[in-house]
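# Structure at a glance
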Amino acid sequence: MTGLLLRAILSLLLLGPLSAAGASAYEKTEPSSSGSYLAGRSAAKLRDNDAASDFLGHALKADSGNPLLVEKVFLLELSEGDLEQAQAYAREVLKFNSQQRMARIVLGLEDFRARRYEDARKNFAQAAYTPVGELTSALLTAWAHAGEGELNLALKALDRLDRNESFANFKSFHSGLVADYLGNAIRAEASYRRAYEEAGSSLRVTQAYGNFLERSGRATEAQKIYRSYLDNDENPLIVAALDASLKNQKPQPFVPTPGAGAAEALFSLATSMTDEQSIDVALLYTQLALSLTSDRPVVFTLLGDTYEDMKRYDKAIEAYEQVPKDSPLRPNAEMEIAVSLQRLERKEEALAVLEGVIASDPKNYDAIVTLGNLYRNNEDYANAARVYDDAIALITAPVQGHWRVYYYDGIAHERLKQWDLAEKSFRRALELSPEEPSVLNYLGYSMIEKKINLTEALDMVKKAVELRPNDGYIIDSLGWAYYQLGDYEQAVTHIERAVELLPADPIIAEHLGDAYWRVGRRLEAKFQWQHARDNKPEPEDLKRIVEKISNGLPDEQPVTPAQNTPGQSNG
């Protein structure tokens, strides 16, 4: 739901319906403070922070001393990136809650920007009463000491992180950054190396360590770690760093100022907050990082990613559009813009954006795969298969990570009833990554539906269930395999479990009805088919389900030996 639409709905809820004659009265009418508060809470639950801020701001005007309202508006202003307003509200928050963690961080960073480093540290110290607060406080305190040129005090602040072993990589990385910024190459290298050994797959560690090596005259070593990273992830920032290094272009320092170091700390923290419970805090840290950093393309990308995770696709698009046209991250930003447009049901715009990316770079593998995904999501399987085949043609040396495109290609061809091509792609995906439950399930289930290679198919689905034991679709596939093999009791056991996990899926309900029918539980079978009918199946499935409700199942046909022979097909 867009913010504009939400505001309209909430306004109607607050003000009531208006006749045409009452339109002029509407212009003069404002919602009550209690109504604004309720509307603001509703908007906040939907994570429409713009609307929530508007409504709660109105409520606050009528009840300016309400601590709860002040704190909520403070957090909403910060989440929207209005730092000036957030700082003003933070001061109000501290009047009634002197240890409010985010208010202390916001005002500490205000002091930090003004180079009032001692005052900044006092604020940060009062935010250190939770694990996240302790981590944030230690990192920002270290950079406040770095701003004064105090390496030993900065490293001592980071030593506080030894109390929690899960903070080890933060300590190693930021010890390297601080020492690097303050010109102590020996300490910087030791810390960077330790961070790299602890988290060699980290983008920012790889960037910073490689940057340090290049500036130290060791470009060959930097190129080695860039290539090692690219073996697993074609990140455009690492591609750009390697390309520049090969051209003997010496980079600028990774962290050129204390503010950039503090921003990197906030960025590091935000990227680690990926679960539903912490995503709102990640947004706050990302907005604060934007207020400090010079590496804005990276932080705008994170901001867009965060809004996507929050399902705020309109805001995600706004963030991605802030990535400069000449940034290595711009093609990725446009791909994400396309994905967000797709999720907003603006499908033609989404396709146009991706086609533009590919026109600029016809060998952009990620953009081509993303275009295929959009076609597949639109159920345009012919174009999806064509585009996936184009992506596969670009692969010269397949690695494990390429399993996905073969899997997606298999799905597209299977939906087009091109089974030979589909099976070839599914099996290629399994060659690259033999224990992918989604591939094992899709290939196994497809063979079960076609009544071919049933023994092999059953083994595949069993393996998928072992790998993902709470996936209702995969458990249904296992039950359906037993059904096709004529073991109806086993089929009932597994499909009942699948229905428990996915009670609204019409096909799983249909399968359970079929299994019940075969074991003689015919009233229950009809109930499940009716349940399947009422859960909006596809038209061709609906026709089949209605027929079963009317007439039950025909007498069963025995499974022939040929149907169980791996490699054979009944056509």
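Small disclaimer: the values here were computed from a predicted structure and weren't measured.

Definitions and limits used
- Residues numbered from 1 in each chain as written.
- Predicted model: local features only at pLDDT ≥ 70, side-chain atom pairs only at ≥ 80, totals over all residues.
- Heavy atoms only, no water.
- Helix = DSSP H or I, 4+ residues; strand = E, 2+ residues; numbered from the N terminus.
- Buried < 20%, exposed > 50% of the residue type's maximum accessible area, 1.4 Å probe, protein only.
- Contact = heavy atoms within 4.5 Å.
- Areas by Shrake-Rupley, 256 points an atom, 1.4 Å probe, with all protein chains shown as cover.
- Axes fitted to C-alpha atoms, helices over the stretch in contact; angles between N-to-C directions.
- Parallel < 35°, antiparallel > 145°, perpendicular 65-115°, else oblique.
- Left-handed = near helix turned anticlockwise from the far one by under 90°.
- Nonpolar A, V, L, I, M, F, W, Y, C, P; charged D, E, K, R; others polar.
- pLDDT = per-residue confidence, 0-100.
- Patch = residues over 30% accessible without salt bridge, like charges linked within 9 Å, V, L, I, M, F, W, Y side chains within 5 Å.
- Salt bridge = Lys/Arg side-chain N within 4 Å of Asp/Glu carboxyl O.
- Lys, Arg positive; Asp, Glu negative; His and termini not counted.
- Charge placed at Lys NZ, Arg CZ, Asp CG, Glu CD.
- Phe/Tyr/Trp six-rings, centres within 6.5 Å; stacked < 30°, edge-to-face > 60°.

### Points about the overall build of the protein chain
For the protein chain, the count of helices and strands is 32 helices and 0 strands. For the protein chain, with 571 residues in total, the buried portion stands at 51%. Counted over contacts in the protein chain with a minimum sequence separation of 6, partners at least 24 positions apart contribute 52%. For the protein chain, the exposed surface amounts to about 27600 Å²; the carbon and sulfur share of it is 49%.

### Brief notes about the packing of helix α21 (residues 347-360) against helix α22 (residues 365-377)
The description of two helices packed together rests on the angle between their axes and the distance between the axes. Where α21 meets α22, the closest approach of the two axes is 9 Å, and the angle between their N-to-C directions is 160°. The angle between α21 and α22 falls in the class roughly antiparallel. For the pair α21 and α22, the crossing hand works out as left-handed. Between α21, through Ala350, Leu351, Leu354, Glu355, Val357 and Ile358, and α22, the contact on the second element is made entirely by Ala367, Ile368, Thr370, Leu371, Leu374 and Tyr375. Each residue belonging to the contact of α21 with α22 can be placed in one class, and the counts come to 10 nonpolar, 1 polar and 1 charged.

### Structural notes on the confidence of the model for the protein chain
On average, residues of the protein chain score 87 in pLDDT, and 86% of them reach the 70 mark or higher. Taking the mean pLDDT of every element in the protein chain, the minimum, 34, falls on helix α2 (residues 23-28) and the maximum, 98, on helix α23 (residues 381-393). Every residue in residues 1-46 scores below 50 in pLDDT, and together they form 55 contacts with partners more than four places removed in sequence or on other chains.

### Some thoughts on the packing of helix α9 (residues 131-147) against helix α11 (residues 168-181)
Between α9 and α11, the least distance of the axes is 10 Å, while the angle of their chain directions is 10°. On the basis of their axis angle, the class for α9 and α11 is roughly parallel. Facing α9, whose interface residues are Leu135, Leu139, Trp143 and Ala146, α11 presents Phe170, His174, Leu177, Val178 and Tyr181. Grouping the amino acids of the contact of α9 with α11 by side-chain chemistry returns 8 nonpolar, 1 polar and no charged.

### Remarks on a negative patch on the surface
On the surface, Asp231, Asp233, Glu234 and Asp366 cluster together into a negatively charged patch. By the element assignment, Glu234 lies in the loop between α14 (219-230) and α15 (236-246).

### Notes on the pattern of salt bridges
The tally for this structure, following the rule as stated, stands at 34 salt bridges. Residue Arg497 pairs with Glu500 through a salt bridge whose shortest N-O separation is 4.0 Å. With Arg497 and Glu500 both in helix α29 (residues 488-501) and 3 residues apart, the pair spans about one turn of that helix. Salt-bridge contacts for Lys548 lead to Asp514; the nearest nitrogen and oxygen are separated by 2.8 Å. In this pair, Lys548 sits in helix α32 (residues 539-551) while Asp514 sits in helix α30 (residues 506-518), placing the two residues 34 residues apart along the sequence. Lys548 sits in the buried class, given a relative accessible area of 10%. Under the relative-accessibility criterion, Asp514 is labelled buried at 3%. It is possible to trace a salt-bridge network through shared partners that takes in Glu510, Asp514, Asp541, Arg544 and Lys548.

### Describing unusual backbone geometry
The backbone phi angle of Lys417 is positive, close to 60°, even though this residue is not glycine. Mapped onto the secondary structure, Lys417 falls in the loop between α24 (403-415) and α25 (419-432). A positive phi angle is found at Lys536, which is not glycine, with a value near 60°. Under the relative-accessibility criterion, Lys536 is labelled exposed at 78%.

### Considerations on the packing of aromatic side chains
Per the counting criterion, the structure on display carries 14 aromatic pairs. Each ring, one from Tyr388 and one from Tyr408, has its centre 5.9 Å from the other, and the planes form 35°; the classification is tilted. With Tyr388 in helix α23 and Tyr408 in helix α24, this pair connects stretches of sequence that are 20 residues apart. Grouping residues by exposure puts Tyr388 and Tyr408 together as buried. Of the aromatic side chains, those joined through ring pairs into one cluster are Tyr388, Trp403, Tyr407, Tyr408, Phe426 and Tyr442.

### A closer look at the environment of Ala412
By secondary structure assignment, the location of Ala412 is in helix α24. With 28 residues separating them along the chain, Ala412 and Ala384 place their C-alpha atoms 6.2 Å apart. Those residues within four positions of Ala412 in sequence are excluded, and the remaining contacts are Tyr381, Ala384, Ala385 and Tyr388.

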